[in-house]
Every structure is written in structure tokens, then in C-alpha cells.
Amino acid sequence: RGSKFFFNFRDLTNGETTCPAGRFLYTDVPVNGKVTLDFNQATNPYCAYTPYATCPLPPPQNRLPVRVEAGERRYTG
């Protein structure tokens, strides 16, 4: 996505109201050394929609010990 940062994260909603594997988040690059994370923009990974895709799992440091009640919800289609 050009000049964007990519985050792959999990939180306490995964497997309950959001995708079990985690979610993706793209942000703008830092401005004055700071990045704004807008969790309303969190999206499901490709494996949420098809059994034929694999999902990268978030590294341990990207597993948040809080509920992120924003962004895309678990796909049930």
C-alpha cells in the first residue's frame, strides 16, 4: 500500500466477535515520530473469507491484553 505501515494484531475479542486469527491495520507513516492507530480501520485477514487462504499470525508483541471493540467484525458468511 505504498507509504503505509502494516500491523497484524490480536486482542481479547478474537474468536468471539472478531476473526480468530487476528486483524490487519494499515496506518500512515510517522509524523514527528508518532503514528496514529485508528482501530476503526481494522480489517479481517483473507483467511476469514475462504478456507483456501492462509493467515499470518501476529507475533507475541502484537497481542493486545485489551478488547478492541472497533473495526471489522467476524465474518459469518
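As a reminder, the structure under discussion sits directly above these lines.
First, a word on what this report is: a plain description of the structure on this page. Not measured: the values here are computed from a predicted model.

1. Here we look at the side chain of Asn8
With respect to the helices, strands and loops of the structure, Asn8 is situated in strand E1 (residues 4-9). Note on Asn8: relative accessible area 8%, which makes it buried. In this structure the side chain of Asn8 is engaged in a polar contact, spanning 2.9 Å, whose partner is the backbone oxygen of Pro56. For Asn8, the contacting residues outside a window of four places in its chain are Arg23, Phe24, Pro56, Leu57, Pro58, Pro59 and Asn62.

2. Concerning the state of the cysteines
Counted by the stated rule, this structure contains one disulfide. A disulfide bridge connects Cys47 with Cys55, and the sulfur atoms are separated by 1.7 Å. Residues Cys47 and Cys55 are joined through a disulfide that is left-handed, its torsion about the S-S bond being -110 degrees.

3. As for the packing of aromatic side chains
By the definition in use, this model includes five aromatic pairs. Residues Phe6 and Tyr26 carry aromatic rings whose centres are separated by 5.2 Å and whose planes lie at 50 degrees to one another, so their mutual orientation is tilted. Here Tyr26 lies in strand E2 (residues 23-28) and Phe6 lies in strand E1, a separation of 20 residues in the sequence. When its relative accessible area of 40% is taken as the criterion, Phe6 is described as partly exposed. Chaining the aromatic ring pairs together yields one cluster made of Phe6, Phe24, Tyr26 and Tyr46.

4. With respect to unusual backbone geometry
Although it is not a glycine, Asn32 sits at a positive phi angle of roughly 55 degrees. Its location among the elements puts Asn32 in the segment after E2.

5. Brief notes about a nonpolar patch on the surface
Judged by side-chain polarity, Phe5, Val29, Val35 and Leu37 come together as a nonpolar surface patch covering roughly 280 Å² of accessible area. Topologically, Phe5 is positioned in strand E1.

Conventions we followed
- In this convention, every chain numbers its residues from 1, walking through the sequence in written order.
- Since the coordinates come from a predicted model, pLDDT governs what is reported: local features require at least 70, and pairs of side-chain atoms require 80 or more to be given and counted, while whole-chain, interface and lining totals use all residues.
- Computation of side-chain values covers all heavy atoms of the structure but excludes hydrogens and water.
- Only DSSP runs of H or I reaching four residues or more are called helices, and only runs of E reaching two or more are called strands; each is numbered from the N terminus.
- Note on exposure labels: buried denotes an accessible area under 20% of the residue type's maximum, exposed denotes more than 50%, and partly exposed covers the range between, all computed with a 1.4 Å probe on protein chains only.
- What qualifies as a polar contact is a pair of N or O atoms within 3.5 Å, subject to a donor-acceptor requirement within protein and to the restriction that residues adjacent in sequence count only when both atoms come from side chains.
- What makes two residues a contact is simply this: any of their non-hydrogen atoms within 4.5 Å.
- Any pair of cysteine sulfurs within 2.5 Å is marked as a disulfide.
- Aromatic rings from Phe, Tyr and Trp, with only the six-membered ring used for Trp, were paired whenever their centres fell within 6.5 Å, and each pair was classed as stacked if the ring planes differed by under 30 degrees, edge-to-face if by over 60, and tilted otherwise.
- Patch construction takes residues with relative accessible area above 30% that form no salt bridge. Like charges are linked within 9 Å, and nonpolar side chains (Val, Leu, Ile, Met, Phe, Trp, Tyr) are linked within 5 Å.
- In these tables, accessible area is a Shrake-Rupley quantity obtained with a 1.4 Å probe, and a residue counts as shielded only by the protein chains included in the view.
- One side-chain nitrogen of Lys or Arg within 4 Å of one carboxyl oxygen of Asp or Glu is enough to make a salt bridge.

Geometric descriptors of this kind do not, in isolation, establish any biological role.
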